[in-house]
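# Topology and contacts: notes
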Amino acid sequence: MSDIISLASRVTQIAPSPTLAVNAKAKALKAAGEDILNFSVGEPDFDTPLHICEAGKKAIDDGHTRYTAVPGIPELREAVANRFREDHGWEYSPEQIQVCCGGKHGLYNIFQAVIDPGDEVLIPAPYWVSYPPMVQLAGGTPVIVPLDEKDDFDLNPDILADYATDRTKAILVNSPSNPTGSLLSASALEAIGRMALEKGWLVITDDIYDTITYLDGDLPHILDVDSRLKDQTVVLNGVSKSFAMTGWRIGYSAGPDHIIKAMNKIQSQSTSNPSAPAQYAALAALTGPQDFPATMQEAFVPRRDFFVQDLRSIKGVSCVNPKGAFYVFPNFSSYYGKSFQGKTITDSVSLSDYFLDQAKVASVPGIAFGADDFIRFSFATSMEIIQEGMQRIRDALAQLS
Ligand SMILES: *Cc1c(COP(=O)(O)O)cnc(C)c1O
């Protein structure tokens, strides 16, 4: 039977989020009784801190159960502006802040507000899964700028000009990056900033992992390159990763007045305000004790160290040491072409499937991030599970010939 109602072409050109799909498959297998170790999850394995949960509950008891202002309650926009000032020295007025339904929604609003059909957006790859489809949903064209594992996935400034055209409207910066955990160096950011100033590009900087880094010094930021960049940059952040609040769905953006105003227009005609109780919980997160991200970061360090060292000890596997976030992104391409029981591993999808079937280990194929030589594993899970998972992966790889 054919469907009576045809779908919009904007839907048929995109696929559902592959990371959420793998996670759903792993959860279903687990629910069916399979002993699955799940490394596909893109969220901290910590509970939201108690004082934040209490603030959310109190908001309901206090009657904060109605519509709020579209860009978020004034106290929360003020708190975001204060955090930006205290943590980075950036001056934003509360009117230059939009609170939205998660960081992903903030990015969606940005693209809807600035992208016209035919506009190109430079996206360094490996990239976060949702950037290209969100650009496409806005009618724009994603232009992929390749990053090299040999450069620790830093941007080679010399190649940037090769991907710029007259239609380039914006460039995405995601440092620390999901999936690589890599950072953009100060010199790469300098090159991006200079070119953005020269060509009038919008810089969209997705800073969602900026509190989870493994650096001694400060994280370099595009806004440190030149103060003028603030007039053509939108900063995207949120509480999902930094305060283990993925399910609360609160993100925020800061940028030039006219862009935030346009994003508010989009939000007013789509979701209206983000959930009121969740906004009060986020307010408690941003105004309360700020030590929680560091607590998570400390827990992640030994897991990261073990994961990277163990992966590197497998013949034919390379793995960049992540400097932020909670993912490792090893290169398994030397195993492509090998087989087990008549089934040949040809790419990241077939290898990830093999890991799931043979090792009961759930991972995300690198092709989801535009990098087919790699597989993403999250280390937002216990050391015991990482050790057991690595043993299973090692055994599964050893069976390939
Ligand atoms: C998790 C994530 C986001 C935003 O997540 P939300 O749950 O929507 O707040 C944005 N960018 C990257 C790279 C992420 O990994």
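Rules used in this analysis
Residues numbered from 1 in each chain as written. Predicted model: local features only at pLDDT ≥ 70, side-chain atom pairs only at ≥ 80, totals over all residues. Heavy atoms only, no water. Domains from an automatic or database assignment. Buried area = accessible area lost by both parts, 1.4 Å probe. Salt bridge = Lys/Arg side-chain N within 4 Å of Asp/Glu carboxyl O. Polar contact = N/O pair within 3.5 Å; in protein donor to acceptor, adjacent residues only side chain to side chain. Helix = DSSP H or I, 4+ residues; strand = E, 2+ residues; numbered from the N terminus. Nonpolar A, V, L, I, M, F, W, Y, C, P; charged D, E, K, R; others polar. Phe/Tyr/Trp six-rings, centres within 6.5 Å; stacked < 30°, edge-to-face > 60°. Buried < 20%, exposed > 50% of the residue type's maximum accessible area, 1.4 Å probe, protein only. Expected span 1.5 Å × (residues − 1). Contact = heavy atoms within 4.5 Å. Pairing = 2+ DSSP bridges.

Looking at the protein chain, the domain boundaries give domain 1 (9–47 + 292–398) and domain 2 (51–287). Put simply, the middle of domain 1 and the middle of domain 2, counted by C-alpha atoms, are 26 Å apart. In total, about 2,900 Å² of surface goes out of reach between domain 1 and domain 2, with carbon and sulfur atoms giving 64% of it. Contact with domain 2 buries surface across domain 1, with Val320, Lys323 and Phe369 losing the most and accounting together for 23% of the total. Counting the contacts that link domain 1 with domain 2 gives one salt bridge. A salt bridge links Asp152 to Lys323; the nearest nitrogen and oxygen atoms lie 3.8 Å apart. At the boundary of domain 1 with domain 2, the tally comes to 13 residue pairs in polar contact (both at pLDDT 80 or more). When residues of the side of domain 1 that touches domain 2 are traced back to their parent elements, those giving at least two are helix 2 (18–31) and helix 11 (292–312). A total of seven residues in the side of domain 1 that touches domain 2 trace back to one element, the largest contributor, which is helix 11. By residue class, the composition of the side of domain 1 that touches domain 2 is 22 nonpolar, nine polar and six charged.

Take the packing of aromatic side chains next. Centre-to-centre distance and the angle between the planes together describe a pair of aromatic rings. What the rule picks out here adds up to 24 aromatic pairs. With 5.4 Å between their ring centres and 50° between their planes, Phe300 and Phe326 make a pair best called tilted. In this pair, Phe300 is assigned in helix 11 and Phe326 in the loop between helix 11 and strand 9 (327–328), connecting sequence segments 26 residues apart. Across the pair, exposure class does not vary: Phe300 and Phe326 are buried alike. Pairing Tyr354 with Phe355 gives two aromatic rings, centres 6.5 Å apart and planes at 40°, and the pair type is tilted. As far as the burial class goes, Tyr354 and Phe355 line up, both buried.

Taking 1.5 Å as the rise per residue, helix 4 (residues 74–88) with 15 residues should run 21 Å; its terminal C-alpha atoms sit 21 Å apart, in good agreement. Taken together, the buried residues of helix 4 touch strand 2 (97–100), strand 7 (233–238), strand 8 (251–254) and helix 10 (276–287). Downstream of helix 4 by one or two residues, Gly89 has phi in the positive range, about 80°.

For the rest of this paragraph, the subject is the sheet that holds strand 14 (residues 375–378). A sheet is described by the order of its strands in space; here three strands give the open sequence 9-14-13, paired in antiparallel fashion. This sheet does not close on itself; its edge strands, each paired only once, are strand 9 and strand 13 (364–365).

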